[in-house]
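Observations on the model geometry
Letter by letter, the chains look like this.
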Amino acid sequence: MFQSTVRTYTANTMSRQTGRNTDIKKVSGELFSLTYGALVAQILKDYENVEEVNRQLEKMGYNIGVRIVEDYLSRTNTTKCTDFRETSEKLQQAMKMYLNVSPQVTSWSPANDEFSLVFETNPVGEFVELPENCSNLKYANILSGVVRGALEMVHLEVATSFIQDNLQGDNVTELRVKFLKKIEDTVPPGDD
């Protein structure tokens, strides 16, 4: 059923000319994209259900976000954000730091509780072509989970979803982030 899952193209990365100066960040990004493509293909093979694959990618991203926020905070010496706009700027900075992409922060809601991260290209979909039987696949859903997990660790509950995706024929990839509530610190019973 999913024999022609996600095809990744390695011709450009494997046929590099020797002696040519290569940008290490670009090579690392390409390697990440290819490795991620293999991961998505394996998950498709394991689950054979696109909606379940979407859930698994988001869950994996969430677990990464929960852990990566500590690294981000220690590297940047960031203080607590004062509002959701500042949070969006920190997300933009983190995307640049970890994925070497700079999404635009756009489409703020009137209440300033929702915005979009707009990528010119899908940051993990550089060498990807989705087969027709995967038209509902949210290929970059891992990023949705990373954002949700990272923000939860700094006490912000958000909902994230992809509105547009280059891999689905859109001009850009757009990740929508909506503030739901501030998570209050709780002390476990008996630890007062």
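Higher on the page you've got the structure.
Attention in this report is confined to the structure presented alongside it. Bear in mind that the values here come from a model prediction, so they are computed numbers and not experimental data.

**Let's talk about the sheet that holds strand β6 (residues 173-182)**
Ordered by their spatial adjacency, four strands build an open sheet running β2-β3-β6-β5, and the pairing between neighbours is antiparallel. Both outer strands of the open sheet, β2 (104-106) and β5 (156-164), are each paired with one neighbouring strand and no more. Across the sheet, the mean angle separating the axes of adjacent strands is 25° when strand polarity is ignored. Of the pairings in the sheet, the one linking strand β3 (residues 114-119) to β6 comprises six bridges and is antiparallel in character. Bridging from a neighbouring strand, Phe115 pairs with Val177 of β6. In the packing of helix α4 (residues 84-99) onto the sheet, contacts are made with β2, β3, β5 and β6, and the angle to β3 comes to roughly 20°. Where helix α5 (residues 141-153) meets the sheet, its contacts fall on β5 and β6, and the angle it forms with β5 comes to roughly 165°.

**Concerning α4**
Here α4 spans 22 Å end to end across 16 residues, near enough to the 22 Å set by a 1.5 Å rise per residue. Of the residues making up α4, those classed as buried are Phe84, Glu86, Thr87, Ser88, Leu91, Ala94 and Met95. Tucked inside the fold, the buried residues of α4 contact α3 (50-76), β2, β3, α5, β5 and β6. Among the residues of α4, the N-terminal cap falls to Asp83, whose side-chain oxygen and the backbone nitrogen of Arg85 are separated by 3.3 Å.

About the cut-offs
Position numbers for residues count from 1 along each chain, tracking the sequence in the order it is written. Reporting of local features is limited, given that this is a predicted model, to residues whose pLDDT is at least 70; pairs of side-chain atoms are given and counted only at 80 or more, and all residues count toward the totals for whole chains, interfaces and linings. Only hydrogens and water are set aside; all other atoms, that is, all heavy atoms of the structure, feed into the side-chain values. Two strands make a pair as long as DSSP finds a minimum of two bridges between them. Put simply, DSSP H or I for four residues or longer makes a helix, DSSP E for two residues or longer makes a strand, and each gets a number counted from the N terminus. For helices, the fitted axis covers only the stretch in contact; all axes are lines through C-alpha atoms, and the angles between them, taken along N-to-C directions, range from 0 to 180 degrees. We call two residues in contact when some of their heavy atoms are within 4.5 Å. By this rule the span expected of a helix is its residue count minus one, scaled by 1.5 Å. For every residue, the accessible area (1.4 Å probe, protein chains only) is compared with the maximum for its type, and the residue is labelled buried under 20%, exposed over 50%, or partly exposed between those bounds. Whenever two N or O atoms come within 3.5 Å, that pair is a polar contact, provided that in protein one can donate a hydrogen and the other can accept it, and provided that, for residues adjacent in sequence, both atoms are side-chain atoms.

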